[in-house]
Amino acid sequence: MEISEKLLEQLVSKVIDEFDKSNNKNEKTIIFESIEEAIEKTKNAQKKLFDSKLEMREKIIKSIRVELLKHVEELSQLAVEETGMGRVEDKILKNRLAIEKTPGIEDLKAFAFSGDDGLTVLELSPYGVIGAITPSTNPSETIICNSIGMIAAGNSIIFAPHPGAKKTSIRTVELINEAILKVCEIENLIVTIKNPGIEVTNKILENKNIKMIVATGGPGMVKTVMSCGKKAIGAGAGNPPVLVDETADLEKAARDIVLGCSFDNNLPCIAEKEVIAVDSIVDFLIFQMEKSGAYHLKDEQKQEELKKIVLKNGVPNRLFVGKDAKYILENIGIKVGDEIKVIILETTKDHIFAREEMLMPILPIIRVKDSEEGIKICKILENGNRHTAIIHSKNIDTLTKYARYMETTILVKNGPSYSGIGVSGEGYTTFTIAGPTGEGLTSAKSFARNRRCVLVGGFSLK
């Protein structure tokens, strides 16, 4: 039977239309215009995940790890290009950490009590749909570690990324969905919004189908989340002090402080933000820091110039947040080589560089007469965030007092700050560190409900 040319054109056009519709459908399944539709879709996906075996969650997480490792350079480069913040090589390390060291279902430990009256089992169960608000400082890293932990706990997620990292965040969500669909047919397990912003975030907070809110960001966002009337995890700001006393290995302390402070250009909220050092060792510490890549800014006029450009209306100027030390120095007329990673300068404890979390590789150094005074000043400058603190000392009494007095979620002794999230230090990784709400370094169990199941008069074998 012969097919007319007109009919053939119609058939070809129909096939193309169906193909386009299919592609558009696939795109819409993870990046939505409508918040209500996104939440409804991911709610249905969560039910399918909950009805599946734990083996399915394990397969999904394994696939996420395998597939995302192929894209760490892409995501790291995209984040720096889009936000203008941080260092590609450090973001590669952070993405690898999130992929490889975020706990999966092994984090969900069950507990049991048995006796004459029977057996009681305590298990961790999903909340349902989680609304996750993510920052521009660690966009892909936060989405990766949140996805692994939340899916491990049996939840689905709608992400509300920072508008300044929209492209990176959406790309990360796309890649994770591709990884999920390689091992199962559960679509929309994680979704996001095409045009994120405050209005989108507020709608997520208000939606009755959202059972938990997890916010990784600034103090304003965390405060909003904590007052939304839902179960909330808030990972807020930090202003980590580092105390150095006369017993420290000063060469190692100097190197560690520069490494920690300069990591991703000081964007991580765990990074060293100010140094408080015993007066008798300050000069030698500065000398060793200069050897390790620090530029000592001594000229008071240049210090004032620095202050003018990196602050705007009394807060950090976003044009310099997460920028290289070399770039910042160039803007006050100082030329240095690529080996310079941090700008150091001596200040008082009342200087804004010490009091404010700058998120720049600018490190004030404050002299104190002894460790007792240093601990008190560290406590003041940490601002009650209970986030992170660092100390370099070999004095057990000082180490112990500092740890107890600071009350921080992370405390690093004799190492760079990033040891606290598993880089050259033991333990798992997270980029959602919940000091304000008390969960600490979040993992799968942080995103699960405690449930008790009681069997009366049975299964007691003692």
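Draft legend 1. How the structure looks around the environment of proline 163. Here proline 163 lies in the loop between β5 (156-161) and α7 (166-181). Other than its neighbours up to four places away in sequence, proline 163 contacts Pro196 and Gly197.

Draft legend 2. Seen up close, the packing of aromatic side chains. Tallied over the full model, the rule gives 3 aromatic pairs. Summarising the aromatic geometry, the rings of phenylalanine 320 and tyrosine 327 are spaced 5.9 Å apart at their centres and angled 40° between planes, so their arrangement reads as tilted. Given a relative accessible area of 7%, phenylalanine 320 falls into the buried group. The exposure class assigned to tyrosine 327 is partly exposed, which follows from its relative accessible area of 35%. Sitting above the plane of the tyrosine 405 ring, lysine 379 keeps its charged end 5.5 Å from the centroid.

Draft legend 3. Structural view of the packing of helix α3 (residues 54-69) against α7. Between α3 and α7, whose axes approach to 8 Å, the crossing angle comes to 130°. Classified by the angle between their axes, α3 and α7 sit oblique to one another. For the crossing formed where α3 meets α7, the hand is right-handed. The residues of α7 that touch α3, namely those facing Ile60, Ser63, Ile64, Glu67 and Leu68, are Leu175, Ile176, Ala179 and Ile180. Taken together, the residues of the contact of α3 with α7 sort by class into 7 nonpolar, 1 polar and 1 charged.

Draft legend 4. Fine view of the side chain of threonine 137. Take threonine 137: it is sitting in the loop between β4 (129-134) and α6 (139-152). Here threonine 137 falls in the buried class, since its relative accessible area comes to 15%. With residues near it in sequence (within four places) discarded, threonine 137 still touches Met85, Lys91, Lys94, Asp264 and Leu267.

Draft legend 5. Region of the structure containing the pairing of strand β9 (residues 241-244). Burial along β9 is two-sided: Pro241 and Leu243 facing one way and Val242 and Val244 facing the other are all buried. Direction of pairing for β9 relative to strand β10 (residues 274-278): parallel, over a ladder of 4 bridges. Of the residues in β10, the one forming a bridge with valine 244 is alanine 277. This β-α-β element, β9 to helix α10 (residues 250-262) to β10, shows right-handed connectivity.

Draft legend 6. Helix α4 (residues 72-83), seen in detail. Here α4 spans 16 Å end to end across 12 residues, near enough to the 16 Å set by a 1.5 Å rise per residue. Burial in α4 covers these residues: Val72, Leu75, Ser76, Ala79, Val80 and Thr83. Within α4, the buried residues cover an arc of 130° as seen down the axis, which keeps them to one side. Facing away from the buried side of α4 by over 90 degrees, the exposed positions are Glu73 and Glu81. Residues of α4 that are buried sit in contact with α3, α5 (88-101), α6 and α7. One or two residues past the end of α4 sits glycine 84, with phi positive at roughly 70°.

Draft legend 7. Highlighting the pattern of salt bridges. Applying the stated rule across the entire model yields 24 salt bridges. Across the salt bridge formed by aspartate 324 and arginine 87, the nearest N and O atoms sit 3.2 Å from each other. Of this pair, aspartate 324 sits in the loop between β13 (315-316) and α13 (325-330) while arginine 87 sits in the loop between α4 and α5; the two residues are 237 residues apart in sequence, bridging distant segments of the chain. Glutamate 346 is the salt-bridge partner of arginine 367, the closest N and O atoms lying 2.7 Å from each other. Pair noted here: arginine 367 is in strand β15 (residues 362-368) and glutamate 346 is in strand β14 (residues 342-346), with a separation of 21 residues, a long-range link. Since its relative accessible area comes to 30%, arginine 367 is described here as partly exposed. In this structure, a network of salt bridges that share partners links the residues Arg87, Glu89, Asp90 and Asp324.

Draft legend 8. Focus on the nonpolar core. Within the largest apolar cluster, 74 residues are counted, with the highest numbers of intra-cluster contacts made by Ile64, Ile151, Val244, Val275, Leu285 and Met289. Looking at this core, the element that brings in the most residues is α6, giving 7 residues. Here isoleucine 151 is in contact with Leu49, Arg57, Ile60, Ile64, Asn146, Ile157, Ile180, Leu189 and Ile190, once residues within four sequence places are set aside. The next biggest cluster of nonpolar side chains, apart from the first, holds 23 residues, and it includes Leu311, Ile328, Ile334 and Ile352.

Draft legend 9. Quick look at the sheet that holds strand β20 (residues 448-456). One open sheet holds the 3 strands; their spatial order is β2-β3-β20, and the pairing between them is antiparallel. With one partner strand each, in any of the chains shown, β2 (111-115) and β20 form the two edges of the open sheet. The average angle at which neighbouring strand axes cross in this sheet is 15°, direction not considered. Summarising the sheet, β2 and strand β3 (residues 118-126) pair through 5 bridges and their orientation is antiparallel.

Conventions and cut-offs
- Residues numbered from 1 in each chain as written.
- Predicted model: local features only at pLDDT ≥ 70, side-chain atom pairs only at ≥ 80, totals over all residues.
- Heavy atoms only, no water.
- Helix = DSSP H or I, 4+ residues; strand = E, 2+ residues; numbered from the N terminus.
- Contact = heavy atoms within 4.5 Å.
- Phe/Tyr/Trp six-rings, centres within 6.5 Å; stacked < 30°, edge-to-face > 60°.
- Buried < 20%, exposed > 50% of the residue type's maximum accessible area, 1.4 Å probe, protein only.
- Lys NZ or Arg CZ within 6 Å of the ring centre and 35° of its normal.
- Axes fitted to C-alpha atoms, helices over the stretch in contact; angles between N-to-C directions.
- Parallel < 35°, antiparallel > 145°, perpendicular 65-115°, else oblique.
- Left-handed = near helix turned anticlockwise from the far one by under 90°.
- Nonpolar A, V, L, I, M, F, W, Y, C, P; charged D, E, K, R; others polar.
- Pairing = 2+ DSSP bridges.
- Right-handed = clockwise from strand over helix to strand, strands pointing away.
- Expected span 1.5 Å × (residues − 1).
- Arc of directions from axis to C-beta.
- Salt bridge = Lys/Arg side-chain N within 4 Å of Asp/Glu carboxyl O.
- Core = buried A, V, L, I, M, F, W, Y, C linked by side-chain atoms within 4.5 Å.

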